[in-house]
Number of protein chains: 2
Amino acid sequence: MTPAPVPKAMSLREALRVAEGPVTLLGYDPASKPMSPGSKVKALAELATTGEVLASQQEMLYANGVSGDPRRVLLVLQGTDTSGKDGVVRHVVGQVGPAGVSIKSFKRPTAEEAAHHFLWRIGRALPAAGIIGVFNRSHYEDVLVPRVHGSIDADTWAERIADINAFEQQLADSGTVLIKCFLHISYSEQRKRLLARLDDPSKHWKFNPADIDERAYWSDYQSAYAAAIAATSTKSAPWHIVPSDTKWYRNWAVSQLLRDALLGLDLSYPPADFDIEAARVRLQPPF
Amino acid sequence: MTPAPVPKAMSLREALRVAEGPVTLLGYDPASKPMSPGSKVKALAELATTGEVLASQQEMLYANGVSGDPRRVLLVLQGTDTSGKDGVVRHVVGQVGPAGVSIKSFKRPTAEEAAHHFLWRIGRALPAAGIIGVFNRSHYEDVLVPRVHGSIDADTWAERIADINAFEQQLADSGTVLIKCFLHISYSEQRKRLLARLDDPSKHWKFNPADIDERAYWSDYQSAYAAAIAATSTKSAPWHIVPSDTKWYRNWAVSQLLRDALLGLDLSYPPADFDIEAARVRLQPPF
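The structure presented is a predicted model; accordingly, all values stated were derived computationally and were not measured.

Rules used in this analysis
- Residues numbered from 1 in each chain as written.
- Chains lettered and ligands numbered in written order.
- Predicted model: local features only at pLDDT ≥ 70, side-chain atom pairs only at ≥ 80, totals over all residues.
- Heavy atoms only, no water.
- Helix = DSSP H or I, 4+ residues; strand = E, 2+ residues; numbered from the N terminus.
- Rg over C-alpha atoms; globule rule 2.2 N^0.38 Å.
- Buried < 20%, exposed > 50% of the residue type's maximum accessible area, 1.4 Å probe, protein only.
- Contact = heavy atoms within 4.5 Å.
- Pairing = 2+ DSSP bridges.
- Least-squares fit on C-alpha atoms with pLDDT ≥ 70 in both.
- Axes fitted to C-alpha atoms, helices over the stretch in contact; angles between N-to-C directions.
- Lys, Arg positive; Asp, Glu negative; His and termini not counted.
- Salt bridge = Lys/Arg side-chain N within 4 Å of Asp/Glu carboxyl O.
- Polar contact = N/O pair within 3.5 Å; in protein donor to acceptor, adjacent residues only side chain to side chain.
- Expected span 1.5 Å × (residues − 1).
- Parallel < 35°, antiparallel > 145°, perpendicular 65-115°, else oblique.
- Left-handed = near helix turned anticlockwise from the far one by under 90°.
- Nonpolar A, V, L, I, M, F, W, Y, C, P; charged D, E, K, R; others polar.

Trainee: Explain the overall build of chain A residue by residue, including any values.
Mentor: A tally of helices and strands in chain A yields 12 helices and five strands. In terms of overall size, chain A behaves like a compact globule, its C-alpha atoms giving a radius of gyration of 21 Å where 287 residues would be expected to give roughly 19 Å. A principal-axis box enclosing the C-alpha atoms of chain A has dimensions of 70 × 50 × 45 Å. When each of the 287 residues of chain A is scored for burial, the buried share is 51%. Considering only contacts within chain A whose residues lie at least 6 apart along the sequence, 82% involve residues at least 24 apart.

If you want it as structure tokens, here you go:
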């Protein structure tokens, strides 16, 4: 009798999951490729295959949602400018049927949003049952930007962290599978990508000179990310650090994480709640 | 000097557009394939090519939206059960990046929705600037179902039609390109598709025995569609009748209509609103 094989996918999840305790991003190489399929060609092929699994699993999740199953998935994408959040949305999430996903990009809060608790706008953007929600940036912006720019004190920061943990625990308890990914790129890779945007007129609209100003705070942001990740990586809502200097690896890795989360739900199609044979008879010609 | 070629795409739009005056759906063959590329294989190849155009055109639309351009696209899908609305969303709209589209499926109104004017929930679901919105069912349900089941009188129906025309004119005036498609299938094709759902356990969740009850009203629905289409096919918001007994033709045709609408906007990327060279200098190492 042979032992059950360890699923490769489980191992990737383990490999990228943040260990408990303090986090220093310097310990994570943005150019590394843990458990990589070995080459870009192979990764793209696996991405396509995984895409079909994502689409069919999401359909099954939705079918269960229609029958009252409260479960849903929420992919939280964080990372500095050019880290590839939009790329993941397009190349990974884009493989699922568009009716099965809900994408929310969080920008600077509007006046109405800013007048509420910082989780107010987050709650309004949560995916419905059966849907894969994607947050392109998220509530984590509220413990990153203000910390870097010194606009909140340590107590307020700690309070927000506690609020986030309580909120995410509620989500998990009510059927949301959370997948939090930090897309980790290096300082020099960001330079390369910003310069590439400058070289391509079709990308100038994405470029904001203020992004160069923010780059001056690079190490502060790295520390702020590390602190937030360490303080909010819980059993119900763990963080994954996805090395993202290599785009094909990043897309492949996030697609695997998403697939594993869906397979982990052990879904099947709900049985018919009506008389199949009677329906068939009623549909005989001429009816 | 040769005359400019008539774009093939323009002609499909013309071919499927409803002529002014009374409409009888019996005059439109659901199995026909106007301007078809000739075979399923060719149609699928053209669908894939068109998908790339849709994705790049939408990105350009979005880039302009960021710079203040109010334009957006709204694809309205109507049709009886199994006519392929979900299929169009998946196979046509699914080719655009998921962040660039907004899909709204209208179900039976909630208590809150029913307590408002019937266009209230429609207004709340409109796409933002730069986005391709898709309505899977729409405000047209409110002039179809009640008419078939006799729950509104002729005056109320006429009032709703006038409301719809005024509403759609406002949308067009404020930058929304409307593409209204009626996915036209035959009575026998619907039978075939309903039976196919019964034969496939992974599709039982989509099956509702009440759909068979509604089938008894088939010709009333056809008349109600014809009346609504005739009364709301305007220059700003014309209806297209898409023969939909053949799935590959249906998907191909809607993708062409969507592509033509986007190309008709004559988009280009907005110019940079910052000093490109200064940005490049600021990004030199070590910065």
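Trainee: A description of the pairing of strand β4 (residues 176-184) of chain B should follow, citing residues and the corresponding values.
Mentor: Sheet faces and side chains relate simply in a regular strand, where the side chains alternate between the two faces. All names here are of chain B. With respect to burial, β4 is a largely interior element, eight of its nine residues being buried. Strand direction decides the pairing type here: strand β1 (residues 72-78) and β4, joined by seven bridges, are parallel. In the strand pairing of β4, Gln78 is matched with Phe182. Pairing of β4 with strand β5 (residues 239-243) involves five bridges; the strand directions are parallel. From the neighbouring strand, Cys181 faces β5, where its bridge partner is His240.

Trainee: Help me get a handle on the relation of the copies chain A and chain B, residues and values and all.
Mentor: The transformation that overlays chain A on chain B combines an axial shift of 0.0 Å with a rotation of 180 degrees, and the residual RMSD is 0.0 Å. The symmetry that links the two subunits is that of a two-fold axis. Among all residues of chain A, the one whose C-alpha sits closest to the rotation axis is A:Pro98, at a distance of 3.0 Å. A high fraction, 100%, of the interface residues of chain A reappear at the interface in chain B, so the copies pair face to face through one surface.

Trainee: Any details on the sheet that holds β4(B)? Residues and values, ideally.
Mentor: Residue and element names in this part refer to chain B. A sheet is described by the order of its strands in space; here five strands give the open sequence β2-β3-β1-β4-β5, paired in parallel fashion. Every other strand in the sheet has two partners, leaving β2 (101-105) and β5 as the edge strands with one partner each. Ignoring strand direction, the axes of neighbouring strands in this sheet form an average angle of 20 degrees. Two strands pair when backbone bridges link them, and β2 and strand β3 (residues 132-136) are joined in this way by five bridges, in the parallel orientation.

Trainee: Describe the side chain of A:Arg191, and please don't skip the residues or the numbers.
Mentor: Structurally, A:Arg191 is set in helix α8 (residues 187-199). It turns out A:Arg191 is buried and unbridged, and the closest side chain with the opposite charge, A:Glu189, is 9.5 Å from it. Within polar-contact distance, the side chain of A:Arg191 engages the backbone oxygen of B:Leu283 at 3.0 Å. With near-sequence residues (within four places) excluded, A:Arg191 lies in contact with A:Arg215, B:Leu283, B:Gln284, B:Pro285, B:Pro286 and B:Phe287.

Trainee: Residues and numbers for unusual backbone geometry, please.
Mentor: Trans is the common state for peptide bonds, and a negative phi is the common state for residues other than glycine. Residue and element names in this part refer to chain B. Look at Arg137: it is not a glycine, yet its phi comes out positive at around 70 degrees. The topology assignment puts Arg137 in the loop between β3 and α6 (141-148). Backbone geometry places Asp266, a non-glycine residue, at a positive phi of 55 degrees. As for its position among the elements, Asp266 is in the loop between α11 (247-263) and α12 (276-282).

Trainee: Account for the pattern of salt bridges, with residues named and values stated.
Mentor: Scanning the model with the defined rule gives 26 salt bridges over all chains in all. Residues B:Arg71 and B:Asp69 are paired through a salt bridge, measuring 2.9 Å at the closest nitrogen-oxygen approach. Overall, the relative accessible area of 15% leaves B:Asp69 in the buried class. Put simply, B:Arg280 and B:Glu277 hold a salt bridge, and the shortest N to O gap is 2.8 Å. With B:Arg280 and B:Glu277 both in helix α12 and three residues apart, this pair spans about one turn of that helix. Taking relative accessible area as the criterion, B:Arg280 reaches 23% and is therefore assigned partly exposed. Its relative accessible area of 45% is what places B:Glu277 among the partly exposed residues. Taken together, the shared-partner salt bridges in this structure form one network comprising A:Asp81, A:Arg137 and A:Glu141.

Trainee: Give me the lowdown on helix α10 (residues 218-232) of chain A, citing residues and values where you can.
Mentor: With 15 residues, α10(A) should reach 21 Å at 1.5 Å per residue; the first-to-last C-alpha distance of 21 Å fits that figure. Turning to α10(A), its buried residues number three or more, namely A:Trp218, A:Tyr221, A:Gln222, A:Ala224, A:Tyr225, A:Ala226, A:Ala228, A:Ile229 and A:Thr232.

Trainee: Any chance you could break down the sheet that holds strand β5 (residues 239-243) of chain A for me, citing the residues and the numbers?
Mentor: Residues and elements named next belong to chain A. Taking strand neighbours across the sheet as the criterion, the five strands line up as β2-β3-β1-β4-β5 in an open arrangement whose pairing is parallel. The sheet is open, and its two borders are formed by β2 (101-105) and β5, each paired with just one other strand. In this sheet, neighbouring strand axes are inclined to one another by 20 degrees on average, regardless of whether the strands run parallel or antiparallel. Against the sheet, helix α7 (residues 154-173) makes contact with β1 (72-78) and β4 (176-184), and its axis sits at roughly 130 degrees relative to β4, the strand it touches most.

Trainee: Give a detailed account of the packing of helix α2 (residues 40-66) of chain B against α11(B), specifying residues and quantitative values.
Mentor: All names here are of chain B. Direction vectors running N to C along α2 and α11 enclose 30 degrees, while the axes themselves pass 9 Å from each other. One finds that α2 runs roughly parallel with respect to α11. In the crossing of α2 with α11, the sense of the turn from one axis to the other is left-handed. Residues Lys40, Ala43, Glu46, Leu47, Thr50, Val53, Leu54, Gln57 and Leu61 of α2 lie in contact with α11, whose contacting residues are Trp248, Asn251, Trp252, Ser255, Gln256, Leu258, Arg259, Leu262 and Leu263. By residue class, the composition of the contact of α2 with α11 is 10 nonpolar, five polar and three charged.

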